[in-house]
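# Per-entry structural report
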Amino acid sequence: MLESDQVMSSAVSVAPAGIPEVRRPSRAEAEAAVRTLIRWAGDEPSREGLQATPARVVRAYEEWFSGYRQDPASLLKRTFEEVGGYDDLVMLRDIPLQSTCEHHMAAIRGVVHIAYLPNRRVVGISKLARLVEACGRRLQIQERLTAEIADTLAHVLQPHGVAVIIQASHDCMSSRGVRLHGVAMLTRRLLGQFAQEPQRREILSLLAG
């Protein structure tokens, strides 16, 4: 389990919005690559059932990896200051997570819990779910994904505290290798006041409850 309990600062590093600037293959090149993999697997891409598969896979990749076309930080830019003096916990639990393991390109599925202590500003709750989606729909490892979500929220909102917990299963572990089913990985990142007692104990109890 990754546990990162840190004091927040205004110099939090945030992951880049996308991949490095390289020439992106054309759709035709991507479909050709899928046909190569089909042949490598032992089948014939020209047979009837597989003829449209390369195009379908490329369209699926556009959806699965749409996070590369989004800037997670920009999703949180619109904030609200008229909160009636509210300065206590804001928490969104059980945000669905769909991501892809960068080691085997297998699915990662789970839930994300996010909490923060506002510092004069709050963000629409749907934006927290969109932040998870933007960070998740990339090639990821769960540890880095946890850090990216927490650090982005801390960087943009500058709250008094941020907590992110992810619990997820990994198909790279259940469908190959040791082939263990029903195993979940837990990672968390606590920043600011949530990294200090007694808030640390309280937020972990709330998020895990």
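This section reports on the structure supplied with the text. Quantities reported herein were computed from a predicted structural model and do not represent experimental measurements.

The next point concerns a nonpolar patch on the surface. A contiguous nonpolar patch, built from Met173, Val178, Leu180 and Val183 and spanning about 320 Å² of accessible area, is present on the exposed surface. Assignment of secondary structure puts Met173 in helix H5 (residues 171–174).

Quick look at the environment of Leu139 now. Tracing the backbone shows Leu139 in strand S6 (residues 139–140). Beyond its immediate chain neighbours, meaning those up to four positions away, Leu139 contacts Phe65, Tyr68, Thr100, Cys101, Glu102, Met105 and Arg144.

With that out of the way, let us pick up the pairing of strand S4 (residues 107–117). Sheet topology note: the strand S3 (residues 90–101)/S4 ladder contains 9 bridges and is antiparallel. When the bridges of S4 are listed, Ser99 appears paired with Ile108. Counting the residues that bridge the hairpin from S3 to S4 gives 5 residues, and of these Met105 lies at a positive phi of roughly 55 degrees. Taken together, the 10 bridges between S4 and strand S7 (residues 161–170) define a ladder with antiparallel strand orientation. By the bridge assignment for S7, Gly110 is matched with Ala168.

Rules and cut-offs
- Residues numbered from 1 in each chain as written.
- Predicted model: local features only at pLDDT ≥ 70, side-chain atom pairs only at ≥ 80, totals over all residues.
- Heavy atoms only, no water.
- Patch = residues over 30% accessible without salt bridge, like charges linked within 9 Å, V, L, I, M, F, W, Y side chains within 5 Å.
- Areas by Shrake-Rupley, 256 points an atom, 1.4 Å probe, with all protein chains shown as cover.
- Salt bridge = Lys/Arg side-chain N within 4 Å of Asp/Glu carboxyl O.
- Helix = DSSP H or I, 4+ residues; strand = E, 2+ residues; numbered from the N terminus.
- Contact = heavy atoms within 4.5 Å.
- Pairing = 2+ DSSP bridges.

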